[in-house]
Amino acid sequence: MTNLRLICAPFAQLSLPSYDVAVLKAYLQRAGIEVAIDTTYLEYAVQLGGELYQSLYSSTLGDAVFSALLFPENRERLIKEFASLLSKEELDFNEIVETTERFVEEYITRVFDVPCADEIIVLFHVYTKQLFPALYMGKRINERYGLDIWLSGYHCGGDCGKSLLALFPHIKKVFGSNIEQSIIKETSSRHAADRPVFKTDAVSVPTPNYEDFTRAAANLPHEFLGKYLNQYWYQVEFNRGCPWNRCAFCTLNAQYPSFEQRSVDSITEDYGTIQSAFKTTRLLVTSRNCSENWKDLVLTLNRKYPGMKGTYDLSFKIADLLNEEDARFLSDNDISILVGVESLSKKCLRIINKGQTVIESIAVLKYMERHGVKCFYNLMCGLPFETDDDFKETQRVVDEIIHLPPPFSMERFRLTFGSEIQANPERYNIKSMGIRKNIEGILFPVALQDKYVPFFMDFESTVCGIEQRVKKFNQLIKEWTSKYYAYARKPIVRPKQHSLLYMRKNEWVIEVYDARFTDRYQIYPLFGLERILYEYCDKVRSLTEMQSTFPDFSERDILKSLDNLVCKRIMFKEDANFLSLAI
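These numbers were taken from a predicted model, which means no experiment stands behind them.

Attention now moves to the overall build of the protein. Regarding its fold elements, the protein presents 24 helices and 23 strands. Against the 2.2 N^0.38 benchmark of 25 Å for 583 residues, the protein shows a C-alpha radius of gyration of 27 Å, consistent with a compact globule. The 583 residues of the protein split such that 55% are buried. Considering only contacts in the protein between residues 6 or more positions apart, those separated by 24 or more positions represent 74%. Approximately 26500 Å² of the protein is accessible, and the part contributed by carbon and sulfur atoms is 49%. Taken together, the 71 basic and 77 acidic charged side chains of the protein have centroids lying 3 Å from each other.

See the structure below:
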């Protein structure tokens, strides 16, 4: 019989046990495969001390420690490259490396230096910060006990996984896609004995098994537990993959062949099981883009677990929230959302194939602001085809929507292996691409760098000025954030009464109050056709729609009124589409 030892290597986040590992164990158990989870990263954190572990986790230094053990010939180069950071943090690199080496050897001896009649396979499921620790620990386990080492995770797909197999002979198998199904199939194939193999689509996703983590956390030193793990959270999967799956920059579906939405009953069962088993309300949703049954899911969860209302954070595409009634539902049920805006440049949205327009993004942000929905999103900059004109367009749009919630971050574009952009570099103005010089270019010895295929890549664009534009984008968002939250930062903090751009209306007039560009509100009274059009364009409307809806007005009169509203900057225009901006 084959037993699987699933190792959670450093550096994992202390307060968030791995959902992927917990659900993988549940899959394997259901298929009749014996599996044990080692939360090695927790033991290592105790050995180092919480502060040092967190410091190594939050920088490339953690990777460098294990790189020095994996490639001893590269240690002096690592020390030289990280000299300034080591000095700033007052860290002794060699001492940390030696402590780490002792820890790994003691762990391996304790776990594997015992008689076992069954075949043992060692599996590392790796995230970004776990690759080098997994490679080194796997190498030592293989050298000492000859056990097969398997790796899974997004580092292991396609050519990335092939390069790991070529560079590290101790790795026998890699799994980068359909991970649960592939591991079950590979493990089951090693024995002729009957063993049920379940289909691993999202409908049959089992409840994640967090018992190993909870048991390990309970056995941690009391002081360490109280300081670093007093608020750990359990994740529940609503869906996996992305239903759109066409964005040129994205590899969200790298691990999954297609989008799958779990059933309401399955999710409800997970919530009940985890709350009951661990006597906690600390549950987090892992969700990509919600499907059609999201409202039924929210209502069912609220009915079954009323004390958990308002704890479900959902993710959406812009195109799925263009009905204002959705914003009202989200508000009524106290749902926070993450929405995919990505860019406020029409050209950039078209090139990355986001499936939405700038004006649609603005409409959704307006609805969420109107109904008080906590709305989170980011914008991307540093795209290889991005130009100064794209920045200027974004700046113009931001000026007009500064009354709407700003992004929580301006995220610099990361080129990932397997994305449409990476597969077609010339089409997206990429001159060259390869390993990240300031990361893998330091962590890997020079002789191996041309042989390793990374998941995250550096690139050189044919368009000049990326670094300067990135700085300007970040400054733009900083100014937007300061303006939007200025009211809350006054010496006397009071509840926000009005948006920087809002309207009041009755049967005679709409009055738009605008403080986006001045210290005091400018008031724009709208009568007649302007009033009619402003109210009608509270959602995105085309010129054709307006001509059809208001046949008593000529096209010339409609265009004149629209131009006046756009000139006042209280209406947004994109091509032949219009949107009133006031809340």
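All chains considered together, the criterion is met by 34 aromatic pairs. Here Tyr-154 and Phe-455 contribute two aromatic rings whose centre-to-centre distance is 4.7 Å and whose plane-to-plane angle is 45°, an arrangement assigned as tilted. With Tyr-154 in the loop between strand S4 (148-152) and helix H9 (158-167) and Phe-455 in the loop between helix H20 (440-443) and strand S17 (456-461), this pair connects stretches of sequence that are 301 residues apart. With a centroid separation of 5.0 Å and an interplanar angle of 80°, the aromatic rings of Tyr-536 and Phe-550 are classed as edge-to-face. With Tyr-536 in helix H22 (residues 528-536) and Phe-550 in the loop between helix H23 (543-549) and helix H24 (555-567), this pair connects stretches of sequence that are 14 residues apart. Per residue, the accessibility class of Tyr-536 equals that of Phe-550, and both read buried. Among the aromatic residues, those joined into a ring-pair cluster are Phe-11, Tyr-44, Tyr-53, Phe-66, Phe-103 and Tyr-136.

Moving on: the confidence of the model for the protein. Low pLDDT marks stretches whose predicted atomic positions should not be read closely. Taken over all residues, the pLDDT of the protein has a mean of 93, while the share at 70 or more is 95%. Segment residues 194-203: pLDDT under 50, and 25 contacts once partners within four positions in sequence are set aside and those in other chains are kept.

Our next topic: the sheet that holds S17. Read across the open sheet, the 3 strands follow the order S15-S17-S16; overall the sheet is antiparallel. Edge positions in the sheet fall to strand S15 (415-416) and strand S16 (430-434), since each of these pairs with one other strand and no more. Bridging between S16 and S17 involves 4 bridges; their strand directions are antiparallel. Across the sheet, Met-433 pairs through a bridge with Phe-459, a residue of S17.

Nonpolar side chains tend toward joint burial in soluble globular proteins. Counting 188 residues, the largest nonpolar core has Phe-124, Leu-229, Phe-238, Tyr-271, Ile-337, Trp-480 and Tyr-534 as the members making the most contacts within it. When residues in this core are grouped by element, the largest group, 9 residues, is from helix H7 (residues 93-112). The contacts of Ile-337, once residues within four sequence positions are left out, are Leu-314, Phe-316, Leu-321, Leu-330, Met-368, Val-373, Lys-374, Cys-375 and Phe-376. In terms of nonpolar packing, the next biggest core, distinct from the first, is built from 5 residues, Cys-160, Phe-417, Phe-455 and Phe-456 among them.

The 3 strands are arranged S21-S23-S22 in an open sheet whose pairing can be described as antiparallel. Taken across any chain shown, the strands that pair with only one partner, and hence form the sheet edges, are strand S21 (541-542) and strand S22 (571-574). As judged from the 4 bridges shared by S22 and strand S23 (residues 577-580), these two strands associate in the antiparallel manner. Each bridged residue has a counterpart across the sheet, and for Phe-572 the counterpart in S23 is Leu-579. Sitting on the sheet, H24 touches S22 and S23, and the angle it makes with S22 is about 110°.

Turning our eyes to something else, we now look at the packing of helix H2 (residues 40-48) against H7. One way to put it is that H2 packs onto H7 with a least axis distance of 11 Å and a crossing angle of 135°. Judged by the angle between their axes, H2 and H7 are oblique. Between H2 and H7 lies a crossing of right-handed hand. Taken together, the residues of H7 that come into contact with H2 (itself represented by Thr-40, Glu-43, Tyr-44, Gln-47 and Leu-48) are Thr-99, Thr-100, Phe-103, Tyr-107 and Arg-110.

With that out of the way, let us pick up unusual backbone geometry. Following Pro-10, the chain continues to Phe-11 via a peptide bond in cis, the omega torsion being 0°. With respect to the element layout, Phe-11 can be found in the loop between strand S1 (2-7) and helix H1 (19-30). Unlike most non-glycine residues, Asn-178 shows phi in positive territory, near 50°. Inspection of the secondary structure puts Asn-178 in the loop between strand S5 (171-175) and helix H10 (179-188). Residue Asn-178 is classed as partly exposed on the basis of its relative accessible area of 30%. Positive phi is not limited to glycine here, since Asp-334 has a value of about 55°. Of note, Asp-334 is situated in the loop between helix H15 (324-332) and strand S11 (337-340).

Procedures and definitions
- Residues numbered from 1 in each chain as written.
- Predicted model: local features only at pLDDT ≥ 70, side-chain atom pairs only at ≥ 80, totals over all residues.
- Heavy atoms only, no water.
- Helix = DSSP H or I, 4+ residues; strand = E, 2+ residues; numbered from the N terminus.
- Rg over C-alpha atoms; globule rule 2.2 N^0.38 Å.
- Buried < 20%, exposed > 50% of the residue type's maximum accessible area, 1.4 Å probe, protein only.
- Contact = heavy atoms within 4.5 Å.
- Areas by Shrake-Rupley, 256 points an atom, 1.4 Å probe, with all protein chains shown as cover.
- Lys, Arg positive; Asp, Glu negative; His and termini not counted.
- Charge placed at Lys NZ, Arg CZ, Asp CG, Glu CD.
- Phe/Tyr/Trp six-rings, centres within 6.5 Å; stacked < 30°, edge-to-face > 60°.
- pLDDT = per-residue confidence, 0-100.
- Pairing = 2+ DSSP bridges.
- Core = buried A, V, L, I, M, F, W, Y, C linked by side-chain atoms within 4.5 Å.
- Axes fitted to C-alpha atoms, helices over the stretch in contact; angles between N-to-C directions.
- Parallel < 35°, antiparallel > 145°, perpendicular 65-115°, else oblique.
- Left-handed = near helix turned anticlockwise from the far one by under 90°.

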